[in-house]
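Take a look at the letters that make up each chain.
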Amino acid sequence: MAYPDEKTLIKVTQGDEAAFAELYNYYKMPALRFSISLLKDEEEAENMLQDVFVKIWLKREQIKPDLNFNSYLFTCLRNMAFDHFKKIEKSEFLRKQYMEAMKVSVDDEKEEKERRISLVQTAVDSLSAKRKQILRLNIEEGKSYQEIAEFLLISKNTVKNQLVKAKQILREKVDFASA
């Protein structure tokens, strides 16, 4: 295929699709090799090549047939590759920022959870021995009021009252410490 001359470029600027196809077919392989050498990614290089030729077609009236089209095309490809690298760099930077923010958030949540557990543990430790025992039997062992009453040889109503008071004390102490 012959090197596209000034006449071919003039036809392209006038919207001649056959002349544009000739231009594209002449430059396709060298431009693709150049793009691959920059990007090290064949698929991205092909996409970039298509994008450049679409832009050239859309701005064909601005082509200067008397200037070096070869230089213009390869400069456009190089600039697009640089833009691509900037996008990748920015994307990687944003991803790192997001991951760091997520790590801080997880660490903060973990610290808050540990603090609340410590508050609850301190509040439980402040209960009387009997209330603490009733609370643990109910919450940790999952025993019913009736089972606790039978185990401790107290009334079911006493178990209920002791649990209500224990939970009320815990709520107050934890809420007060959290405020």
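Here, every reference points to the structure presented above.
Residues numbered from 1 in each chain as written. Predicted model: local features only at pLDDT ≥ 70, side-chain atom pairs only at ≥ 80, totals over all residues. Heavy atoms only, no water.

Chemist: So what's going on with the nonpolar core? Residues and values would help.
Modeler: Tyr 27, Phe 53, Ile 56, Phe 69, Leu 73 and Leu 77 are the most contacted members of the largest nonpolar core, which totals 24 residues. For this core, the element with the most residues is helix H2 (residues 17–39), which contributes eight residues. What Tyr 27 contacts, discounting residues up to four positions off in sequence, is Tyr 3, Pro 4, Phe 53, Phe 69, Asn 70, Leu 73 and Phe 74. (Core = buried A, V, L, I, M, F, W, Y, C linked by side-chain atoms within 4.5 Å. Buried < 20%, exposed > 50% of the residue type's maximum accessible area, 1.4 Å probe, protein only. Helix = DSSP H or I, 4+ residues; strand = E, 2+ residues; numbered from the N terminus. Contact = heavy atoms within 4.5 Å.)

Chemist: Pulling in residues and values, what's your account of the packing of aromatic side chains?
Modeler: Applying the stated criterion to the full structure yields seven aromatic pairs. Relative to Tyr 27, the ring of Tyr 26 lies with its centre 5.0 Å away and its plane at 85 degrees, an arrangement referred to as edge-to-face. In this structure Tyr 26 comes out as partly exposed when scored by relative accessible area, which is 28%. Among the residues examined, Tyr 27 registers a relative accessible area of 2% and is labelled buried. Look at Phe 69 and Tyr 72: their rings are 6.0 Å apart centre to centre, the planes differ by 45 degrees, and that puts the pair in the tilted class. Pair noted here: Phe 69 and Tyr 72 are both in helix H4 (residues 69–125), with a separation of three residues, about one helical turn. (Phe/Tyr/Trp six-rings, centres within 6.5 Å; stacked < 30°, edge-to-face > 60°.)

Chemist: I'd like a rundown of the packing of helix H3 (residues 42–58) against H4, residues and numbers included.
Modeler: The axes of two packed helices give the description: the angle between them and the distance between them. At a minimum axis separation of 10 Å, H3 and H4 run at an interaxial angle of 125 degrees. The orientation of H3 relative to H4 falls into the category oblique. By crossing handedness, the relation of H3 to H4 is classed as right-handed. Residue-level contacts link Glu 44, Met 48, Leu 49, Asp 51, Val 52, Phe 53, Lys 55 and Ile 56 of H3 to Phe 69, Tyr 72, Leu 73, Cys 76, Leu 77, Met 80, Ala 81 and His 84 of H4. (Axes fitted to C-alpha atoms, helices over the stretch in contact; angles between N-to-C directions. Parallel < 35°, antiparallel > 145°, perpendicular 65-115°, else oblique. Left-handed = near helix turned anticlockwise from the far one by under 90°.)

Chemist: Hey, could you go over the packing of H4 against helix H5 (residues 129–139) for me, with residue numbers and the actual values?
Modeler: Viewed as axis vectors pointing N to C, H4 and H5 meet at an angle of 130 degrees, and their least axial separation amounts to 9 Å. Judged on the interaxial angle alone, H5 and H4 are oblique. Side by side, H4 and H5 meet where Gln 121, Val 124 and Asp 125 of the first sit next to Lys 132, Leu 135 and Arg 136 of the second. Here the contact of H4 with H5 is built from residues that sort into two nonpolar, one polar and three charged. (Nonpolar A, V, L, I, M, F, W, Y, C, P; charged D, E, K, R; others polar.)

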